[in-house]
Each structure stands twice: as structure tokens, then as C-alpha cells.
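Residue-level listing of the chains:
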Amino acid sequence: MSLTQIIVIVIAVLVVVAVAVAARSLARRRSLRNRFGPEYDRMVGERDSRAAAERELRDRERRHSELSLTPLSPDSRARYAAAWEELQARFIDSPADTVGEADELVTRLIAERGYPTGDFSDQIAHLSVEHARTLAHYRDAHEIHLRNTRGETGTEELRQAVVHYRALFADLLGEEPVRPRLPEQRRPEDAHPEPREPQEARPESREPEGKDPDGRRLEQSHDATNR
């Protein structure tokens, strides 16, 4: 075998190895994108390089594999769904307190599923492996909750916080926590609103109507029992 043939064989082997490495890297990247969704793009934007972001996400997968996650029993799922429905019904009378209660209820559910509930960033890291697509809701809800404790939020932002919390709550629960109304009782305004940016209040000639976290309007009443 001539020297030229040896060189050609070596180059061919190196090319095959390089292609295999590149294909493996692309496959791992595709797997991370599929699993983490928008969290992948968020990590890439926050880290110095794509490689560093992917290392962090793979580390999250490793730590997640060490958890002992527990599926909810039907009784437990029903109990949480009922607790959320009661919480949401209290929003009209006490929106600020309801947001704090929503944060506590979501945290209890996270703990019961087997996730750590200490540091918020650790919660996010562990939840991102299986619940990445609702993390933006959880982050927004938690931020509003923190500002609520400082008295820096209005009713519309508080309503949005409950909607955001519900997104992760439903994801962890495995179902929508609020039972749908019967078709003949449903009105167009009963549909769950998508989270939206706070809007400036428009001046009106009458007293503003209250809204529950689903965006339904309730008329003001002086009789608390009629609410």
C-alpha cells in the first residue's frame, strides 16, 4: 500500500468520524429542543454559548432523573381541583390574598408530585424537564406574587397572576382544574382568557364591574350574600 493510499484512507476515516460526531451532536441538540421547548431558547440567550446552555440542560436532565416523582391519585387530583375552584371563586372579594393562596397551593402540588420546593430557581430547573412549556407562566405569576407582597400590583395584574398559576397547576394536575359549564349555561365571556399585558383603565361613567380570574364580569352588589 502506497503512502498516498494510506493518506487517503486516514482522511476518509477522519471525515467519517467528523460526520458521526456532528450527527450525534445534532441529534442531542434536537432532543434537547424537543424536550425543553422555549426553555432551550431561553437558556441559549442567557448563557455565554450554546454549548454551555446545552450542558446546563443536560445537567437538569441528570438531576431530574434522581427525583422520585409520584403521580397523583384520583382522590388527590379531585381534592386539588376542588381547592383551586374554591380559590378562584374567592378572587372577586380578595384578589391580593387569592394570589398568595394560589402560590401556596401550587407549591404544595409541586411538593406532592415529588419536586423540591426550596429555592425558586431550583424549582424552575427541576420542573423544566417535563413542564418547560408552562414555566413562562410560572415565572410571570411568581414575579407578580412578589410585587403583590410589596403592594405594587393592581387588580388586573393579580387576575393575570391567577391565570398564570393555573397554567402550571393544570399541567401538574394533568387536567383543567375548573370544571366547564354546561353548554346552555356557557356565555362567550365565560371562556378562559389568555394572559395579556395590563391595560390602562378607561374612564367610565359608572362603577367598574368586578372580574374573576376567568375574565367573567360580575355586577357590584351592596349585599355580600348576593355575590
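Structure shown above.
Residues numbered from 1 in each chain as written. Predicted model: local features only at pLDDT ≥ 70, side-chain atom pairs only at ≥ 80, totals over all residues. Heavy atoms only, no water.

With that settled, the discussion passes to helix H8 (residues 155-173). Between the first and last C-alpha of H8 there are 26 Å, a value that for 19 residues agrees with the 27 Å anticipated at 1.5 Å per step. Here H8 lies mainly inside the structure; 15 of its 19 residues are buried. Of the residues trailing H8, Gly 174 is marked for its positive phi of about 90°. (Helix = DSSP H or I, 4+ residues; strand = E, 2+ residues; numbered from the N terminus. Expected span 1.5 Å × (residues − 1). Buried < 20%, exposed > 50% of the residue type's maximum accessible area, 1.4 Å probe, protein only.)

As for its position among the elements, Asp 103 is in helix H5 (residues 95-113). Arg 108 provides the closest opposite charge to the buried, unpaired Asp 103, separated from it by 9.4 Å. The residues contacting Asp 103, other than those within four sequence positions of it, are His 142, His 145 and Tyr 165. (Lys, Arg positive; Asp, Glu negative; His and termini not counted. Salt bridge = Lys/Arg side-chain N within 4 Å of Asp/Glu carboxyl O. Contact = heavy atoms within 4.5 Å.)

All right, on to the packing of aromatic side chains then. By convention here, two paired aromatic rings are described through the distance between centres and the angle between planes. Summed over all chains, the structure comprises four aromatic pairs. Centroid distance Phe 120 to Tyr 138: 5.1 Å. Interplanar angle 55°. Geometry classified as tilted. One end of the pair, Phe 120, is in helix H6 (residues 120-131); the other, Tyr 138, is in helix H7 (residues 135-149), with 18 residues separating them in the sequence. Accessibility expressed as a relative area gives 21% for Phe 120, which makes it partly exposed. According to the relative accessible area criterion, Tyr 138 is buried, its value standing at 1%. Here the aromatic cluster, defined as three or more aromatic residues joined through ring pairs, consists of Tyr 80, Trp 84 and Phe 169. (Phe/Tyr/Trp six-rings, centres within 6.5 Å; stacked < 30°, edge-to-face > 60°.)

Trp 84, Val 106, Ile 110, Leu 127, Tyr 138, Tyr 165 and Phe 169 are the most contacted members of the largest nonpolar core, which has 27 residues in total. In terms of residue count, the dominant contributor to this core is H8 (eight residues). The next biggest cluster of nonpolar side chains, apart from the first, holds seven residues, and it includes Tyr 40, Met 43, Ala 53 and Leu 57. (Core = buried A, V, L, I, M, F, W, Y, C linked by side-chain atoms within 4.5 Å.)

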